[in-house]
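Secondary and tertiary structure notes
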Amino acid sequence: MASQPADISTRTRVAVFLSIAGTAVLATLPLKFLGRFDWGVIYYGLASMLGLGLFLALFLGRPTRLNRWLSFVVILLTGAVAAAFLSFGQGMPFVRVLLFGWLPFGLIMLGAVVFVRRRVAPFRVVQISSAVLLNAYIAAYVQNKILYQGIFKYMPEPILNCYGGPLAVFACPIGSTQQMVGMKLLPWLPLGVFIVIGAVVGRAACAWICPFGMWQDLLYKIKVGARAKNNRWISFAVVALITAFIGAALVLFLKLHPLRVFLFAWLPFNLLVLAVAIRGKLDLPRRMWVGGFLAAVGLGAVVWFKFEVGYAVAFGFLGLVLLGLTGRWFAAAFAAVAGFLLGWLGNPAFHVGPLSKLPLGLALAVAAFILVAVLDIVAKASLPSNFLKFGVLLFVAGLASYFTAEPWFCKLCPQGTFGAGIPLVLWDPVNALRGLVGWLYWVKIGILLAFIVAAIAIKRPFCRVICPIGAIYSVFNKGSLLHLKLEPQSCTECSLCRKSCPMDIEPHTGQNQLECIRCGECVSNCPKSGLKFRV
Amino acid sequence: MKRRVAFALLAVIGVAAVVLGIRAGDPETIHRFAAQI
């Protein structure tokens with residue numbers, strides 16, 4: 001590091017605390033006055049949020065030893081108060097709440113205060129805590145219950161976290177919105193949550209609360225390409241071997257066709273890993289939305305023709321990331337191959353007569369080739385990749401859900417696969433879920449794998465290109481109460497702000513842009529204290 | 001200043017939408033989907 005990052009001002013600390021406290025009051029008190037929740041839940045929410053706000057205000061920047069221990073005491077005390085409210089207000093056994101909630105949380109915080117000597121980004125502390133808190137329904141495993149069905153499931157949380165997950169405590173706002181839109185109802189409650197959070201803190205929830213953002217941040221920490229410490233070929237061989245074992249397990253235990261597993265799962269995934277291993281860390285490809293559009297068309301074709309070819313589609317989706325990583329003519333050729341495989345090899349007819357669906361495969365191949373080529377030429381001078389998420393919001397989460405009464409974004413959401421689809425099928429406490437696995441499940445697995453690999457090479461690809469919740473919040477970013485301000489005379493264009501940015505934007509050239517998630521890393525890392533949070 | 005007033009108003013509108021949603025029974029509708037597979 002060229003120079004020491006500057007510490008932040010007391011004014012910013014107070015502003016952060018007031019923003020969090022204000023949001024907590026605004027979000028929780030109306031519920032009480034409407035008679036929905038009792039004081040136990042309200043006080044629990046308020047105490048947790050106020051404690052978190054105070055903790056953050058102290059821990060921000062470069063915390064002194066005093067600040068670190070003070071913030072630890074604050075979080076312990078407010079945690080105990082919150083636990084008491086949860087216990088006496090909700091009738092949960094106090095000892096159990098203390099033993100399984102407060103104590104492990106306190107121990108984690110103690111570990112953080114004692115062992116973490118170097119500066120840890122404050123948003124990371126909150127991000128990890130919230131990932132645990134939002135998925136804290138351990139009782140699912142203790143009592144063999146599939147889902148939490150209590151009072152918190154009446155409320156949408158402000159970020160992407162599938163409510164179908166066995167550990168999930170709150171309702172996913174975009175899932176709720178789609179269900180309500182499908183019922184031809186106006187989703188006032190989720191909409192209100194989006195507007196309140198967006199107007200007060202802009203896209204901050206994406207950095208500070210979202211667990212899927214956390215996973216992407218962590219994946220990006222894996223060093224690949226020239227930056228990898230170990231031999232990249234050994235790493236690649238290990239991945240290839242592990243995925244081969246997984247493939248063999250799928251063949252043996254789930255009775256999948258070995259050729260299909262090899263062609264449509266193992267091979268494309270490892271090609272993708274190989275591409276990332278060779279090329280290393282990358283910028284977000286400008287025209288990735290071409291691939292997204294193609295994916296939508298491909299999926300539409302699959303649904304239309306009712307192919308049972310999950311692997312083929314998964315193959316297509318994996319290839320989409322490759323499309324983004326490579327040049328346009330290669331992309332078009334790849335789409336042609338995917339279209340061909342989709343129409344021919346992937347079809348069940350393959351087993352009775354390989355040639356029977358050949359014309360369809362060829363037609364899809366030609367169509368895919370022309371489509372990508374045309375789209376790519378159009379895209380050269382048009383929207384960058386990150387505008388695709390507005391299309392996802394409007395067409396997938398909005399119109400498709402409205403007209404078909406099905407939550408289409410949920411059906412394809414990689415967070416849902418990770419948080420709900422995979423754990424539920426693996427665990428299957430009712431011995432019925434594995435039987436429900438169909439082609440759509442493998443499509444979802446394919447999408448998840450594609451994003452896992454992409455997140456190793458590119459900073460937060462899902463948040464920047466796909467996430468409809470991020471799209472909604474980004475609209476508020478320009479003017480939200482909490483916003484970034486640059487003092488131009490301080491800027492030396494050292495680009496440390498960009499290097500530290502988890503969304504790969506350049507805060508010194510434009511603050512409060514659509515992709516800014518208010519994580520505060522540029523503020524902390526600016527050697528001249530040129531960037532500041534302002535209210 | 002104008003920005004602050006506008007976005008504070010927006011936040012109030014958001015709270016109003018939350019209140020409206022709760023009165024309209026959104027929590028029950030959401031729970032119906034969120035608490036089942």
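Residues numbered from 1 in each chain as written. Chains lettered and ligands numbered in written order. Predicted model: local features only at pLDDT ≥ 70, side-chain atom pairs only at ≥ 80, totals over all residues.

Our next topic: the overall build of chain B. When its secondary structure is counted, chain B shows two helices and zero strands. By its C-alpha atoms, chain B is 45 × 20 × 5 Å across when sized along the principal axes. (Helix = DSSP H or I, 4+ residues; strand = E, 2+ residues; numbered from the N terminus.)

Once that is clear, we can look at the environment of A:Leu133. Residue and element names in this part refer to chain A. Along the chain, Leu-133 turns up in helix α5 (residues 122–134). Judged by the 18 C-beta atoms lying within 10 Å of it, Leu-133 falls in the partly exposed class. Remark: the alpha-carbon pair of Leu-133 and Phe-105, spanning 28 residues in sequence, is separated by 9.3 Å. (Buried ≥ 20, exposed ≤ 12 C-beta atoms within 10 Å, placed from the backbone.)

Attention now goes to helix α7 (residues 173–182) of chain A. Counting buried positions over the 10 residues of α7(A) gives nine, a clear majority of the element. Those residues of α7(A) that sit buried are A:Pro173, A:Ile174, A:Gly175, A:Ser176, A:Thr177, A:Gln178, A:Gln179, A:Met180 and A:Val181. Against the buried residues of α7(A) lie α8 (188–201), α17 (388–404), α18 (408–412) and α22 (468–476) of chain A together with α2 (26–34) of chain B. A:Lys184, located one to two residues past α7(A), shows a positive phi value of around 60°. (Contact = placed C-beta atoms within 7 Å.)

Moving on, we come to the confidence of the model for chain A. Residue and element names in this part refer to chain A. Summary statistics for chain A give a mean pLDDT of 76 and a share of 71% for residues scoring 70 or more. In this model, residues 1–6 is a region of pLDDT below 50 whose contacts with residues beyond four sequence positions or in other chains number 11 contacts. Note that residues 349–355 has pLDDT below 50 and, in this model, four contacts with residues that lie over four places away or in other chains. (pLDDT = per-residue confidence, 0-100.)

On the chain A side, the residues contacting the 27 residues of chain B number 33 residues. Here the side of chain B that touches chain A gets 17 residues from one element, more than from any other, and that element is helix α1 (residues 2–23) of chain B. A per-class count over the side of chain B that touches chain A returns 19 nonpolar, four polar and four charged. (Nonpolar A, V, L, I, M, F, W, Y, C, P; charged D, E, K, R; others polar.)

What follows covers unusual backbone geometry. Where the residue is not glycine, phi is negative for most of them; where a peptide bond is considered, it is trans in most cases. All names here are of chain A. Unlike most non-glycine residues, Ser-495 shows phi in positive territory, near 70°. Along the chain, the position of Ser-495 falls in the loop between β1 (483–486) and α23 (496–500). For Ser-495, a count of 13 C-beta atoms within 10 Å corresponds to the partly exposed category. Positive phi, close to 60°, is recorded for Asn-512, a residue that is not glycine. Position of Asn-512 relative to the elements: it lies in the loop between α23 and α24 (521–525).

Take the nonpolar core next. Most often, soluble globular proteins keep nonpolar side chains buried together rather than apart. The biggest cluster of nonpolar side chains holds 135 residues, and the ones touching the most others in it are A:Ala205, A:Phe409 and A:Val453. Of all the elements, helix α20 (residues 439–457) of chain A adds the most residues to this core, at 14 residues. (Core = buried A, V, L, I, M, F, W, Y, C linked by C-beta atoms within 7 Å.)

Let's shift gears to α22(A). α22(A) sits mainly inside the fold: eight of its nine residues count as buried. Looking at the buried side of α22(A), the elements it contacts are α7, α8, α9 (204–208), α17, α18 and α21 (461–465) of chain A.

Moving on, we get to the environment of A:Trp188. Among the structural elements, A:Trp188 can be located in helix α8. By the C-beta count within 10 Å, which is 20 here, A:Trp188 ends up buried. With 11 residues separating them along the chain, A:Trp188 and A:Thr177 place their C-alpha atoms 8.8 Å apart. Discounting chain neighbours no more than four positions away, the residues touching A:Trp188 are B:Ala17, B:Leu20, B:Gly21, B:Ala24 and B:Asp26.

All names here are of chain A. Packing of α17 against α22 brings their axes to within 8 Å, and their N-to-C directions diverge by 120°. Judged by the sense of rotation from one axis to the other, the crossing of α17 with α22 is left-handed. In contact with Lys-389, Phe-390, Val-392, Leu-393 and Ala-397 of α17, α22 contributes Pro-468, Gly-470, Ala-471 and Ile-472. For the contact of α17 with α22, the residue count by class is seven nonpolar, one polar and one charged. (Axes fitted to C-alpha atoms, helices over the stretch in contact; angles between N-to-C directions. Left-handed = near helix turned anticlockwise from the far one by under 90°.)

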